[in-house]
Amino acid sequence: MHRAASLTVFDGHSSIGGTKILFEQGEARLLLDFGTNYKRMGEFYEEYLKPRASRGLTDYLELGLLPQVRGLYRPDLFPPYDYPRRDADWSGERPTAVLLTHAHLDHCGAVGFVDPTIPVVSTPMTLALLRAWQETGSTDLTSEITYVGSRTPTDRGGGPGDSLPGRLLQGDREAARRARPFWLWGGVPDGFAETLRRSPFGGRTPFEAVDPVAAPRMLGDVPVESHGVDHSVYGASAFLIEADGGLVAYSGDLRRHGELGKETEGFLRRLEAKRPEVLIVEGTRLSASGNAPGQPMTTEQEVEANCRREVERYPGRLVVADFGPRNVERLRSFRRIANAVGRSLVLTPKDAYLLQMLHSVDPSIETDLGPGGMRILEEPSVGLPRAWQSLVVDRFGDAYLNPHDVATNPGRYLLCFSFFDCNDLVDLKKERATEGGLWLYSSSEAHGEEQEFDFLRLQKWIGWAGMHQVGFRYEPGPSGVPELRFDHPDDIGHHASGHATEAELLELIDRANPKVIVPVHTEQSPQRYEELLRAKGVPARVLAPRAGVRLTW
Ligand SMILES: [Zn+2]
């Protein structure tokens, strides 16, 4: 039986992130992104209260943090006590593939729960970023995006055991971790499969590699094309799905400027040429009704020029560049700045590992780590190094610096750090490397209260280390209470958003000229999009998503 194309948005339509969209037509049931909804997670959880790994899917499903989609989830994550029939009572049919637009966790952070027999389709760069993130990060359930360790029910917990047998799940230390099957847009780059065959565990835990394969032109019986776009992470793409009733396009997250701004323009031209029936479009920077549209736009090129000017104001002093951990485009901007002003960029070992992983996908990504090139700040640790740590030491051993080395000539270094590296400031300050230096904050504004507290802590660290700061400030507001600000004239221009401005989004829709738009990834209501489109004279109809409701057009 042939069914008309439909879309079901499960999540991520009234929040920035958490995107989970199902496209269905006949034998093609494609999940477009499967991200973590941090806003909804934050309504229940915080740093010290998290879903329990030993309960598998239970906490997520019961709290409505994951949708009920039959056949989607790993069978080993249903505790038999809670779900004796697993998902047999749910409706719908098993998705045939998960397509990821990019490697931000609000778009792919729930893939760890997905049945590993369902292939994940992405760019090679997205896979490389996710694999490096998983290898170097903490090992919990949600991290199992590129390889998986299966769980089995156990009745033996830490205490007297469980009197309700079948509630607890446990990982098997001896069992092999198995790579997820990935299908890669544009094929598998030379040598990349080999890089992925390397075990993340050394010899300690068995690892079964699964070589990625080239994504086919047809997914199910539907032609699907990925188109590169620029975003604040490499490897981002948009999708064009040739459904029977006409083209369905999905923007993912995108912006017009940046290194790959031309790719975004290419995507737009493709839309102009094909005229989509439906455009699923992000709306991160839409303004609230009655507000002036967004902040002025800073481009990546301006960020580089502005940051360079700041670095030049601190000759002989240490400068710290603080930017998003997977923003390699920004890292490369700071590498160019360092080279231009006679400094060396200093990375954490994790950054070094990430760069060599990305280099195996795109050889133009620099890995000049060593004397005369980029350096690595030693991370003191005891105990057995993890496989990725050994690899960085083996490959780039002569790039390492300790805090004393940095202190002998702090003006020679530009250190890539963030709030979560602040413990290392203790050693740098003790060696007198930080006094009079600069903390250059080049990342996004705080989202929510908890992050605001982190900025308060960060400012405390910076002040304690005797450094100056630019990019944000806490200062007494009109009522005398300290307020977090990013809009002081001295602070703006050191970061560029990964998202198109409101005006650019409206222009994109105007040029694509779709019959229908489905707004996602926004905190504004669908009516707000309607208002803005009407004011601009764009005829597209807004189809408002509701969680789990099938949309047709
Ligand atoms: Zn994103």
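The model shown is predicted, which means the values in this text are computed figures rather than measured ones.

Draft legend 1. Molecular detail of the overall build of the protein chain. From N to C terminus, the protein chain includes 15 helices and 29 strands. Based on the C-alpha atoms only, the size of the protein chain along its principal axes is roughly 75 × 65 × 55 Å. Here the protein chain holds 553 residues, and the buried ones make up 44% of them. When contacts within the protein chain are restricted to residue pairs at least 6 apart in sequence, long-range pairs at least 24 apart make up 72% of them.

Draft legend 2. Representation of the sheet that holds strand E19 (residues 344-347) within the structure. Read across the sheet, seven strands follow the order E21-E20-E19-E22-E18-E23-E24 without closing on themselves; strand pairing throughout is parallel. Of all strands in the sheet, those with a lone pairing partner are strand E21 (400-401) and strand E24 (468-470), marking the two edges. Sheet topology places E19 next to strand E20 (residues 375-377); two bridges connect them, and they run parallel. By the bridge assignment for E20, Val346 is matched with Arg375. The strands that helix H8 (residues 328-340) touches are strand E18 (319-322), E19 and strand E22 (413-416); relative to E22, the one it contacts most, it runs at about 170°.

Draft legend 3. Structural context of the pairing of E22. Burial along E22 is two-sided: the face carrying Tyr413 and Leu415 and the face carrying Leu414 and Cys416 are both buried. Of the pairings in the sheet, the one linking E18 to E22 comprises three bridges and is parallel in character. Following the sheet pairing, Ala321 is matched in E22 by Cys416. As defined by bridge partners, E19 adjoins E22 across three bridges and the pair is classed as parallel. Across the sheet, residue Val346 finds its bridge partner in E22, namely Leu415.

Draft legend 4. Broad picture of the sheet that holds strand E5 (residues 120-122). Pairing in this open sheet of eight strands is mixed, and the strands run E12-E10-E5-E4-E3-E2-E1-E29 from one edge to the other. Because the sheet does not close on itself, it has two edges, and the strands there are strand E12 (213-214) and strand E29 (550-551).

Draft legend 5. Just the environment of Arg285, in detail. Looking at the element boundaries, Arg285 is found in the loop between strand E17 (278-282) and helix H7 (300-312). By C-beta crowding, Arg285 is classed as buried, having 22 other C-beta atoms within 10 Å. Each C-alpha atom of the pair Arg285 and Pro165 lies 49 Å from the other, and the pair is 120 residues apart in sequence.

Draft legend 6. Representation of the packing of helix H14 (residues 502-512) against helix H15 (residues 526-536) within the structure. It is the contact of H14 with H15, at a shortest axis distance of 11 Å, that shows an interaxial angle of 65°. In terms of their interaxial angle, H14 and H15 are classed as roughly perpendicular. Regarding H14 and H15, the two cross each other, and that crossing is right-handed. Residues Leu506, Ile509 and Asp510 of H14 touch H15, and the partners they reach there are Leu532, Leu533 and Lys536. Grouping the constituent residues of the contact of H14 with H15 by class yields four nonpolar, no polar and two charged.

Draft legend 7. A look at the domain arrangement of the protein chain. Taken as a whole, the protein chain is organised into domain 1 (27-215), domain 2 (221-294 + 497-553) and domain 3 (300-485). Computed from C-alpha coordinates alone, the two centres of domain 1 and domain 2 are separated by 28 Å. Taken together, the contacts link 14 residues of domain 1 with 15 residues of domain 2. The set of elements that each furnish at least two residues to the side of domain 1 that touches domain 2 consists of strand E3 (28-34) and helix H4 (124-136).

Draft legend 8. Here's a closer look at the packing of helix H9 (residues 349-359) against helix H10 (residues 387-396). H10 packs onto H9 with a crossing angle of 80° between their chain directions and a minimal axis gap of 10 Å. The angle between H9 and H10 places the two elements in the roughly perpendicular class. For the pair H9 and H10, contact is made by Pro349, Ala352, Tyr353 and Gln356 and by Trp388, Gln389, Leu391, Val392, Arg395 and Phe396, respectively. Its residues assigned to classes, the contact of H9 with H10 shows seven nonpolar, two polar and one charged.

Draft legend 9. Molecular detail of the environment of Phe207. If you trace the backbone, Phe207 turns up in strand E11 (residues 207-208). Take Phe207: there are 19 C-beta atoms within 10 Å of it, and that puts it in the partly exposed class. C-alpha separation for the pair Phe207 and Thr152, spaced 55 residues apart in sequence, amounts to 18 Å. Once you skip the residues sitting within four places of it in the chain, Phe207 turns out to touch Ala176, Arg177, Ser199, Pro200 and Phe201.

Draft legend 10. Just unusual backbone geometry, in detail. Its identity as a non-glycine residue notwithstanding, Asn513 has a phi of 50°, on the positive side. Residue position: Asn513 is located in the loop between H14 and strand E27 (516-520). Given 14 C-beta atoms within a 10 Å radius, Asn513 is considered partly exposed. Not every positive phi belongs to a glycine, and His521 is a case in point at roughly 55°. Tracing the chain through its elements places His521 in the loop between E27 and H15.

Draft legend 11. Broad picture of the nonpolar core. Residues Val98 and Leu414 are the most contacted members of the largest nonpolar core, which totals 143 residues. Among the elements that make up this core, the one with the highest residue count is H4 (seven residues). Here Leu414 is in contact with Val311, Val319, Ala321, Phe334, Ile337, Ala338, Arg343, Leu345 and Val346, once residues within four sequence places are set aside.

Draft legend 12. Local environment of the environment of His227. Counting through the fold element by element, His227 comes out in strand E14 (residues 222-228). For the pair formed by His227 and Ala321, sequence separation is 94 residues and the distance between their alpha carbons is 31 Å. The residues touching His227, leaving out its near neighbours within four places in the chain, are Ser237, Ala238, Leu240, Gly266, Phe267 and Arg270.

Draft legend 13. Main features of helix H6 (residues 261-274). For H6, with 14 residues, the first-to-last C-alpha span of 20 Å sits near the 20 Å given by 1.5 Å per residue. Residues of H6 that are buried: Thr264, Phe267, Leu268 and Leu271. Projection of H6 onto a plane perpendicular to its axis shows the buried side chains occupying an angular sector of 95°, all on one side. Away from its buried face, by an angle of more than 90 degrees, H6 presents the exposed residues Lys262 and Ala273. Among the structural elements, E14, strand E15 (237-243), strand E16 (246-250) and H14 are those in contact with the buried residues of H6.

Conventions and cut-offs
Just so you know, the residues in each chain are numbered from 1, in the order the chain's sequence is written. The model is predicted, so local features are restricted to residues of pLDDT at least 70 and side-chain atom pairs to those at 80 or more, both for listing and for counting; the totals for chains, interfaces and linings are taken over all residues. Secondary structure follows DSSP: runs of H or I at least 4 residues long count as helices, runs of E at least 2 residues long count as strands, and numbering of each begins at the N terminus. Residues with at least 20 neighbouring C-beta atoms inside 10 Å of their own are called buried, those with 12 or fewer are called exposed, and the rest are partly exposed, where every C-beta is derived from the backbone. Note on contacts: each residue gets a C-beta atom placed from the backbone, and two residues are in contact if those atoms are within 7 Å. Here, any two strands with at least 2 DSSP bridges between them count as paired. Only the contacting stretch of a helix is used when fitting its axis, a line to C-alpha atoms as for every element, and angles between N-to-C directions run 0 to 180 degrees. Here roughly perpendicular refers to angles of 65 to 115 degrees, roughly parallel to angles under 35, roughly antiparallel to angles over 145, and oblique to all remaining angles. In this scheme the crossing of two helices becomes right-handed for a clockwise turn of the near helix relative to the far one and left-handed for an anticlockwise turn of less than a right angle. When residues are sorted by character, Ala, Val, Leu, Ile, Met, Phe, Trp, Tyr, Cys and Pro go into the nonpolar class, Asp, Glu, Lys and Arg into the charged class, and all the rest, Gly among them, into the polar class. An automatic or database domain assignment supplies the residue ranges for each domain. A set of buried Ala, Val, Leu, Ile, Met, Phe, Trp, Tyr and Cys residues, joined through C-beta atoms within 7 Å, is what we mean by a nonpolar core. Helix span, as expected, comes to 1.5 Å for every residue beyond the first. In this description, one arc is meant: the one made by directions from the helix axis to the C-beta atoms.

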